[in-house]
Amino acid sequence: MGTAFSFVFLIIQFIYHLRILILINMSSISERNYKAMANGDWGERQASKILSELYEKVDHINSIIDFMLNDKIPIEVKTCQIIIQTGREKYPTRTGRFTLVQDQHEYLKQHCG
């Protein structure tokens, strides 16, 4: 489990340093959802490139998890904005966040992800 966690942390660091700080206007839920979906797609494409260079076999599952490495290491990719605009006067910005749903969490725990 330590190796997979270290590798995921490496990917997160890479994506964090590669991304440009983007501020988005939180004017509607549909805009936020679209931005989150676009960020997720971008993160998975970047992770796929990195994983393919480092591992012999990378299967893009895109179900409860995103990737399976060498038929045994499950990987779930999560992305978020570094900072977003909230539209509030008192707190105009906040850090981004991502969600790991219970099914993903349980799957990763059971399969040493």
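Presented here is a report on the structure given in the accompanying data block. Only a predicted model underlies this, so the values are computations on that prediction, with no experimental measurement involved.

1. Details of the overall build of the chain
Then, in step 1: Of the regular secondary structure elements, the chain holds 3 helices and 5 strands.
Then, in step 2: Counting from the amino terminus, the chain carries its helices and strands in the arrangement α-α-β-β-β-β-β-α.
Then, in step 3: Residue burial in the chain is summarised as follows: out of 113 residues, 27% are buried.
Then, in step 4: Nonlocal contacts in the chain, meaning residues at least 24 apart in sequence, comprise 45% of its contacts between residues at least 6 apart.

2. Remarks on the environment of Glu-44
Then, in step 1: Mapped onto the secondary structure, Glu-44 falls in helix H2 (residues 29-54).
Then, in step 2: For the pair formed by Glu-44 and His-60, sequence separation is 16 residues and the distance between their alpha carbons is 9.3 Å.
Then, in step 3: If we ignore the near neighbours within four places in the chain, the residues touching Glu-44 are His-60, Asn-62, Asp-66, Phe-67 and Val-77.

3. Considering unusual backbone geometry
Then, in step 1: Unusually for a residue other than glycine, Asn-70 sits at a positive phi of about 50°.
Then, in step 2: Structurally, Asn-70 can be placed in the loop between strand S2 (67-69) and strand S3 (73-75).
Then, in step 3: With relative accessibility at 30%, the residue Asn-70 sits in the partly exposed group.
Then, in step 4: Positive phi, close to 60°, is recorded for Asp-71, a residue that is not glycine.

4. Topic: the pattern of salt bridges
Then, in step 1: Within the structure shown, the criterion is met by 4 salt bridges.
Then, in step 2: Notably, a salt bridge pairs Lys-57 with Asp-59, separated by 3.6 Å at the nearest N-O pair.
Then, in step 3: Ionic pairing is found between Lys-109 and Glu-106, a salt bridge with its closest N-O pair at 3.5 Å. Remark: Glu-106 and Lys-109 occur in helix H3 (residues 102-110); sequence separation between them is 3 residues, near one turn of the helix.
Then, in step 4: Look at the salt bridges and you will find they share partners, linking Lys-57, Asp-59 and Asp-71 into a network.

5. Examining the nonpolar core
Then, in step 1: Core analysis: the biggest nonpolar cluster contains 8 residues, these being Ala-47, Leu-51, Tyr-55, Phe-67, Leu-69, Ile-73, Ile-75 and Val-77.
Then, in step 2: Among the elements of the structure, H2, S2 and S3 are those that each provide at least two residues to this core.

6. Structural notes on the environment of Tyr-107
Then, in step 1: Turning to its location among the elements, Tyr-107 is positioned in helix H3.
Then, in step 2: Along the sequence, Tyr-107 and Ile-64 sit 43 residues apart, while their C-alpha atoms lie 7.8 Å from each other.
Then, in step 3: Other than its neighbours up to four places away in sequence, Tyr-107 contacts Ile-64, Ile-65, Met-68 and Pro-74.

7. What about the sheet that holds strand S1 (residues 58-60)?
Then, in step 1: An order of S1-S2-S3 is seen for the 3 strands of this open sheet, with the pairing classed as antiparallel. This sheet does not close on itself; its edge strands, each paired only once, are S1 and S3. Going from strand to strand, the sheet's axes swing by 20° on average, the running direction of each strand aside.

Criteria and cut-off values
- Residues numbered from 1 in each chain as written.
- Predicted model: local features only at pLDDT ≥ 70, side-chain atom pairs only at ≥ 80, totals over all residues.
- Heavy atoms only, no water.
- Helix = DSSP H or I, 4+ residues; strand = E, 2+ residues; numbered from the N terminus.
- Buried < 20%, exposed > 50% of the residue type's maximum accessible area, 1.4 Å probe, protein only.
- Contact = heavy atoms within 4.5 Å.
- Salt bridge = Lys/Arg side-chain N within 4 Å of Asp/Glu carboxyl O.
- Core = buried A, V, L, I, M, F, W, Y, C linked by side-chain atoms within 4.5 Å.
- Pairing = 2+ DSSP bridges.
- Axes fitted to C-alpha atoms, helices over the stretch in contact; angles between N-to-C directions.

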